[in-house]
Amino acid sequence: MKTLIADKFSEAHIARLNHLGCEVAYKPGAKAEDLPGLIAPFKILVVRGKQVTAETLKAAGQLALVLRAGAGVNTIDVKTASARGVFVSNCPGKNSIAVAELVFALLLAIDRRIPENTVALRAHQWNKKEFSKADGVFGKTLGVIGTGRIGREVIRRAQAFGLRTIAWSRSLTPEKAADLGVERCESVDDVFRQADIVTLHLALKPDTRKLVNAARLALLKPNAILINTARG
């Protein structure tokens, strides 16, 4: 089965696809605008962040499946795919731990001013007095907006850091909050009012676009930290 992989992909996984009988063409350098000219002979298209447009789908004579090697399908024209009988699939939760780890990498980097410290050190400046100043995160309040797979992984790690964790999600019930060990907030605004750190884990949809706006930023405490690792 002819398979086009149009984004970076591990050699081990390519080898597994070949072992399964796929005839893999690996073109990680292909641009989204190149896909319409490439797609015709392929039954499967694998992408990560690359856009799969209506033009690409209409140029695909053999295509049966578009697989996004990541969460969500917002980069794929699902409407056109459906109209042409092309299945669209993804890998939800595959990168949940990696994103949760990134949240804490960013949080600690901000609190400890690690990027500025590194720049100064590379300029042969050792300013221990300045860069030893940090609030620390222990005992602070972390607000998690969105408690899907990534949000839940963040919550697990927050508990290890000694953070009081509050959360909001449309699907978060008092029972689920108790199971996760978080305090449930009634609204996004409540999270912004209470949290020292806010981390976003919602998909981009019409009702989440511009979720963070001037009014909500005004609710944050002085020196609060806002982290956005959400897609889109």
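Worth saying up front: this structure is predicted, and the values here are computed from it rather than measured.

Q: What is the right way to read unusual backbone geometry from this model?
A: Note: most residues except glycine have negative phi, and most peptide bonds are trans. A positive phi angle is found at Arg113, which is not glycine, with a value near 55°. Mapped onto the elements, Arg113 comes out in the loop between helix H5 (96-112) and helix H6 (114-122). Judged by relative accessible area, Arg113 falls into the partly exposed class, the value being 26%. One non-glycine residue, Lys210, lies in the positive phi region at around 60°. With respect to the element layout, Lys210 can be found in the loop between strand S9 (197-200) and helix H11 (214-219).

Q: So what exactly am I meant to see when it comes to the sheet that holds strand S8 (residues 183-184) here?
A: Backbone hydrogen bonds are what pair the strands of a sheet, in a parallel or an antiparallel way. Read across the open sheet, the five strands follow the order S8-S7-S6-S9-S10; overall the sheet is parallel. With partners counted over all chains shown, the strands left at the sheet margins are S8 and strand S10 (225-228), one partner each. Note: strand S6 (residues 141-145) against S9, four bridges, orientation parallel. Opposite Val144, over in S9, you have Thr199 as the bridge partner. Against the sheet, H5 engages S9 and S10, with an angle of about 150° to S10. Sheet strands touched by helix H8 (residues 149-160): S6, strand S7 (164-168) and S9. Its angle to S6, the strand with the most contacts, is close to 170°.

Q: Would you take a moment to explain a nonpolar patch on the surface for this structure?
A: A surface patch of nonpolar side chains, about 240 Å² in accessible area, is lined by Leu102, Leu106 and Ile110. Owing to a relative accessible area of 43%, Ile110 belongs among the partly exposed residues under this scheme.

Q: I'm lost on H5 in this one. Help?
A: Because each turn of an α-helix spans 3.6 residues, side chains separated by three or four positions end up pointing in the same direction. With 17 residues, H5 should cover 24 Å at 1.5 Å per step; its first-to-last C-alpha distance of 24 Å lies within 8% of that length. Listed as buried for H5 are Ser96, Val99, Ala100, Val103, Phe104, Leu107, Ala109 and Asp111. Where H5 ends, the next residue or the one after it, Arg113, has phi of about 55°, a positive value.

Q: What's the story with the environment of Lys176 in this structure? I'm lost.
A: Position of Lys176 among the secondary structure elements: in helix H9 (residues 174-180). On the accessibility criterion, Lys176 (44% relative accessible area) is partly exposed.

Q: What am I meant to see in the packing of aromatic side chains here?
A: A ring pair, where both rings are aromatic, is described by two values, the distance of the centres and the angle of the planes. For the structure shown, the criterion picks out one aromatic pair. With a centroid separation of 4.8 Å and an interplanar angle of 10°, the aromatic rings of Phe104 and Phe161 are classed as stacked. Of this pair, Phe104 sits in helix H5 while Phe161 sits in the loop between H8 and S7, and the two are 57 residues apart along the sequence. Classification of Phe104 by relative accessible area gives buried; the value is 6%.

Q: So what exactly am I meant to see when it comes to the pattern of salt bridges here?
A: In a structure, side chains of opposite charge can pair up when their charged atoms sit close to one another. Across all of its chains, the model carries 13 salt bridges by this definition. With a shortest N-O distance of 2.5 Å, Asp207 and Arg170 are connected by a salt bridge. Of this pair, Asp207 sits in the loop between S9 and H11 while Arg170 sits in the loop between S7 and H9, placing them 37 residues apart in sequence. Owing to a relative accessible area of 54%, Arg170 belongs among the exposed residues under this scheme. Within the structure, one salt-bridge network assembled from shared partners comprises Arg113, Glu130 and Lys133.

Q: Before we go on, may I ask you to explain the pairing of S6 in this structure?
A: Successive side chains on a regular strand alternate, one facing one side of the sheet and the next facing the other. Counting buried residues in S6 gives five out of five residues, a clear majority hidden from the surface. Residues Thr141, Gly143 and Ile145 line one face of S6 and the alternating positions Leu142 and Val144 line the opposite face, and both faces are buried. As paired elements, S6 and S7 share five bridges and run parallel to each other. The residue of S7 that forms the bridge with Val144 is Ala167.

Analysis parameters
Residues numbered from 1 in each chain as written. Predicted model: local features only at pLDDT ≥ 70, side-chain atom pairs only at ≥ 80, totals over all residues. Heavy atoms only, no water. Helix = DSSP H or I, 4+ residues; strand = E, 2+ residues; numbered from the N terminus. Buried < 20%, exposed > 50% of the residue type's maximum accessible area, 1.4 Å probe, protein only. Pairing = 2+ DSSP bridges. Contact = heavy atoms within 4.5 Å. Axes fitted to C-alpha atoms, helices over the stretch in contact; angles between N-to-C directions. Patch = residues over 30% accessible without salt bridge, like charges linked within 9 Å, V, L, I, M, F, W, Y side chains within 5 Å. Areas by Shrake-Rupley, 256 points an atom, 1.4 Å probe, with all protein chains shown as cover. Salt bridge = Lys/Arg side-chain N within 4 Å of Asp/Glu carboxyl O. Expected span 1.5 Å × (residues − 1). Phe/Tyr/Trp six-rings, centres within 6.5 Å; stacked < 30°, edge-to-face > 60°.

The values reported here are purely geometric and, on their own, carry no functional implication.
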